[in-house]
Amino acid sequence: RTSVGGCPIDHSRLDPTGRPVSPNAAAFNPFGEAYLQDPAGALRWSRDEEPVFYSPELGYWVVTRYEDVKAVFRDNITFSPSIALEKITPFSDEANAVLKAHGYAMDRTLVNEDEPAHMLRRRALQEPFTPEKLAHHEAIVRRLVREHVDRFIDAGRADLVSEMLFEVPLTVALHFLGVPEEDMATLRRYSVAHTVNTWGRPSPEEQVAVAESVGKFWEYSGEVLDKMRQDPSMPGWMPYGIRLQPEMPDVITDSYLHSMMMAGIVAAHETTALATTNALRLLLENRTQWEEICADPSLIPAAVEECLRFSGPIVAWRRIATSDTEIGGVAIPEGAKLLIVQASANHDERHFDDPDELDIRRDNAAGHLSFGYGSHQCLGKHLARMEMQVMLQEFTTRLPHMRLVPDQEFTYLPNTSFRGPEHLWVQWDPERNPERTDP
Ligand code: HEM
């Protein structure tokens, strides 16, 4: 301890540039219940008083205002995305040994690749994501959604997460990637482990179990890839990359393909599953707006956008400073790791009027940062929006009178970045299902 002006200074409470850490910043815990339940609310103090702060708990600088988060996304040279898939909690030697035994070598994909490699790869691989190329997926999505709703429509009660919202986006993701049907069941088991591995704070004992699942996920992804290599004419985004590899071996590398095979499942699945769960909860909690979209389905695309703003599935993303710089007037040293909190930016009253009100007619909702921004902005956004819209169309048509089961508690997987309730219980009176009266 030393002192400044007679006041003692606790050096564990200084940021890396030597400034004292405020009590709020010291108390910030992105694995705690307040942040998990309401990340934007838990950071209101920051947006108001200290929009860029150092979190000793995390070892990251946290950025919370809309303009600052967008500025960081916009400049992917000063703020490199290379740490986007790094473990936020370093693992024990024992857990790392488990990963090594499985040959785990997750490396650069797209989301964590620097320029110029990133843009070369993104351009080469982006065509399957265009709305025209995605058009035929809509029929698959609708069929899957209808089949799942058929299974519980007469039951009067369902946990939508376990009965549909997990399964449908996963199946769509695997179809999009080109994973053969027979491999779907195995891959399904591992995706949660990847989230905890990358963005969670598992205890040392949990780390070993997580490492075991992640290691198996990695090995299994390699096997699926090998199978695709035997017949690269198969449909899907991963075979598309395999077919391009001989033309551009330095852009589509083996390491890229293996890392993307695993990370792609999470990118396409978890995000959309959580986004739809958040959206249904929000709309059912705001009954008047739910009834409006039931009466006028043309409002659904705007409702999806507002739900992505209000309660996006990715609440925070990461960058690392490649040189000394500043954000919102705060000096940031080279090597500083940043947690840029989209959930907070999306509730910044400096950009969105009455940000804590859900308003499906909000004219600037699509300016949300849930898909990121700039050269890494989500490639899958058209697929995600289409899936969410189809699910809302089907629910508002077939179960317009459904309601949330009252007094349920919503729980979340503790991690910095992926957010959506683990269960969503709804109930309805099957006698009032519209197709009974109006088939
Ligand atoms: C990148 C969010 C669905 C594929 C990203 C990023 C975010 C994000 C925040 C990083 C953006 C940045 O760094 O600026 C979401 C959300 C989704 C969703 C909220 C659902 C609601 C999907 C789907 C796919 C997908 C369905 C399909 C495969 C990708 C890819 C990237 C990406 C490939 C990397 C793009 C690049 O770095 O060039 N997504 N995503 N995402 N997403 Fe999504």
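Residues numbered from 1 in each chain as written. Predicted model: local features only at pLDDT ≥ 70, side-chain atom pairs only at ≥ 80, totals over all residues. Heavy atoms only, no water.

Colleague: Would you mind showing me how to read the overall build of the protein chain here?
Modeller: Per the secondary structure count, the protein chain includes 20 helices and 12 strands. In summary, the protein chain has a C-alpha radius of gyration of 22 Å against a globular reference of 22 Å for 439 residues, a match within 12%. Taken along the three principal axes of its C-alpha coordinates, the protein chain extends 80 × 55 × 40 Å. Expressed as a percentage of the 439 residues in the protein chain, the buried residues total 56%. In the form shown here, the protein chain has an accessible surface area of approximately 18,400 Å², with 51% of it arising from carbon and sulfur atoms. (Helix = DSSP H or I, 4+ residues; strand = E, 2+ residues; numbered from the N terminus. Rg over C-alpha atoms; globule rule 2.2 N^0.38 Å. Buried < 20%, exposed > 50% of the residue type's maximum accessible area, 1.4 Å probe, protein only. Areas by Shrake-Rupley, 256 points an atom, 1.4 Å probe, with all protein chains shown as cover.)

Colleague: Would you explain a negative patch on the surface in this entry?
Modeller: Negative charge collects at one region of the surface, where Asp353, Asp354, Glu357, Asp359 and Asp363 lie side by side. Relative to the elements of secondary structure, Glu357 occurs in the loop between helix H18 (342-345) and helix H19 (381-398). (Patch = residues over 30% accessible without salt bridge, like charges linked within 9 Å, V, L, I, M, F, W, Y side chains within 5 Å. Salt bridge = Lys/Arg side-chain N within 4 Å of Asp/Glu carboxyl O. Lys, Arg positive; Asp, Glu negative; His and termini not counted. Charge placed at Lys NZ, Arg CZ, Asp CG, Glu CD.)

Colleague: How should the environment of Glu115 be read in this particular structure?
Modeller: Along the chain, the position of Glu115 falls in the loop between helix H6 (93-101) and helix H7 (117-125). As for Glu115 and Asn76, which are separated by 39 residues in sequence, their C-alpha atoms are 8.2 Å apart. Non-local contacts of Glu115, meaning those with residues more than four positions away in its chain, are made with Asn76, Ile77, Ser375 and His376. Of the polar contacts made by the side chain of Glu115, one reaches the side chain of Asn76; its length is 3.0 Å. (Contact = heavy atoms within 4.5 Å. Polar contact = N/O pair within 3.5 Å; in protein donor to acceptor, adjacent residues only side chain to side chain.)

Colleague: Would you explain the sheet that holds strand S5 (residues 79-80) in this entry?
Modeller: Strands belonging to one sheet form pairs held by backbone hydrogen bonds; the direction of such a pair is parallel or antiparallel. Pairing is mixed across the open sheet formed by five strands, whose spatial order is S3-S4-S10-S7-S5. Looking at the sheet topology across the chains shown, the edges are occupied by strand S3 (52-55) and S5. Where S5 lies against strand S7 (residues 317-321), two bridges are found, and the strand directions are antiparallel. Each bridged residue has a counterpart across the sheet, and for Ser80 the counterpart in S7 is Ile320. Taken strand by strand, helix H5 (residues 66-74) contacts S3, strand S4 (60-63), S5, S7 and strand S10 (337-340), and its axis lies near 125° from that of S10. (Pairing = 2+ DSSP bridges. Axes fitted to C-alpha atoms, helices over the stretch in contact; angles between N-to-C directions.)

Colleague: Is there a simple way to explain the sheet that holds strand S12 (residues 425-427) in this structure?
Modeller: Strand order across the open sheet formed by three strands is S6-S12-S11, with antiparallel pairing between neighbours. Both edges of this open sheet fall to strand S6 (157-159) and strand S11 (403-404), since each of them pairs with a single strand only. Across three bridges, S6 lies against S12 in antiparallel orientation. The residue bridging Ala158 from the neighbouring strand is Val426, located in S12.

Colleague: Could you clarify how one ought to interpret the site of the ligand in this entry?
Modeller: For the ligand, the set of nearby residues contains 30 residues, the closest of which are His118, Arg122, Arg319, His376 and Cys378. A distance of 3.3 Å separates an oxygen atom of the ligand from a polar backbone atom of Tyr373. Interatomic distance of 2.7 Å between a side-chain N/O atom of His376 and an oxygen atom of the ligand. Contributions of two or more residues to the shell around the ligand are made by H7, helix H15 (254-285) and S7. No other element matches H15, which puts six residues into the shell around the ligand. Classifying every residue of the shell around the ligand gives 18 nonpolar, 10 polar and two charged. (Near = heavy atom within 4 Å. Nonpolar A, V, L, I, M, F, W, Y, C, P; charged D, E, K, R; others polar.)

Colleague: Hey, could you run me through unusual backbone geometry in this one?
Modeller: Leaving glycine out, the prevailing phi sign among residues is negative, and the prevailing peptide bond configuration is trans. Going from Glu115 to Pro116, the amide bond is cis rather than trans, its omega being 0°. For Asp354, which is not a glycine, the phi torsion comes out positive at approximately 40°. Structurally, Asp354 can be placed in the loop between H18 and H19. Taking the relative accessible area as the measure of exposure, Asp354 reaches 57% and is therefore exposed.

Colleague: Explain the confidence of the model for the protein chain to me, please; I cannot follow it from the model alone.
Modeller: A low pLDDT score tells you not to read the predicted coordinates there in detail. Residues at a pLDDT of 70 or more form 95% of the protein chain, whose mean pLDDT is 93. With pLDDT under 50 throughout, residues 1-9 is counted as low confidence; its partners more than four residues away or in other chains account for 12 contacts. (pLDDT = per-residue confidence, 0-100.)

Colleague: Any chance you could explain the state of the cysteines here in plain terms?
Modeller: Chemically, a disulfide is nothing more than a covalent bond linking the sulfur atoms of two cysteines. One pass over the full model with this rule turns up zero disulfides. Left without a disulfide partner, Cys307 is nearest to the cysteine sulfur of Cys294, which lies 13 Å away. (Disulfide = S-S within 2.5 Å.)

Colleague: Just to check I follow, could you spell out helix H12 (residues 191-199) for this structure?
Modeller: The periodicity of an α-helix, 3.6 residues per turn, causes residues three or four positions apart to be oriented the same way. Across the nine residues that make up H12, a large majority, eight, are buried. By the burial criterion, the buried members of H12 are Ser191, Ala193, His194, Thr195, Val196, Asn197, Thr198 and Trp199.

Colleague: Looking at this structure, how should I read the side chain of Arg281?
Modeller: Within the secondary structure layout, Arg281 lies in helix H15. A distance of 2.8 Å separates a polar atom in the side chain of Arg281 from a polar atom in the side chain of Tyr412. If sequence neighbours within four positions are ignored, Arg281 has contacts with Leu404, Phe410, Tyr412, Pro421 and Leu424.

Colleague: Honestly, the nonpolar core in this entry has me stumped. Any pointers?
Modeller: General note: in soluble globular proteins, nonpolar side chains tend to be found buried as a group. The biggest cluster of nonpolar side chains holds 136 residues, and the ones touching the most others in it are Leu160, Trp237, Phe395 and Met402. The element contributing the most residues to this core is H15, with 15 residues. (Core = buried A, V, L, I, M, F, W, Y, C linked by side-chain atoms within 4.5 Å.)

Colleague: Any chance you could explain the packing of H15 against helix H16 (residues 287-295) here in plain terms?
Modeller: In a packed pair of helices, the relevant descriptors are the angle between the two axes and the axis-to-axis distance. Look at H15 against H16: their axes get within 5 Å of each other, and the N-to-C directions meet at 105°. The angle between H15 and H16 falls in the class roughly perpendicular. Contacts from Leu280, Leu283, Leu284 and Glu285 of H15 reach H16 at Arg287, Trp290 and Ile293. Here the contact of H15 with H16 is built from residues that sort into five nonpolar, no polar and two charged. (Parallel < 35°, antiparallel > 145°, perpendicular 65-115°, else oblique.)

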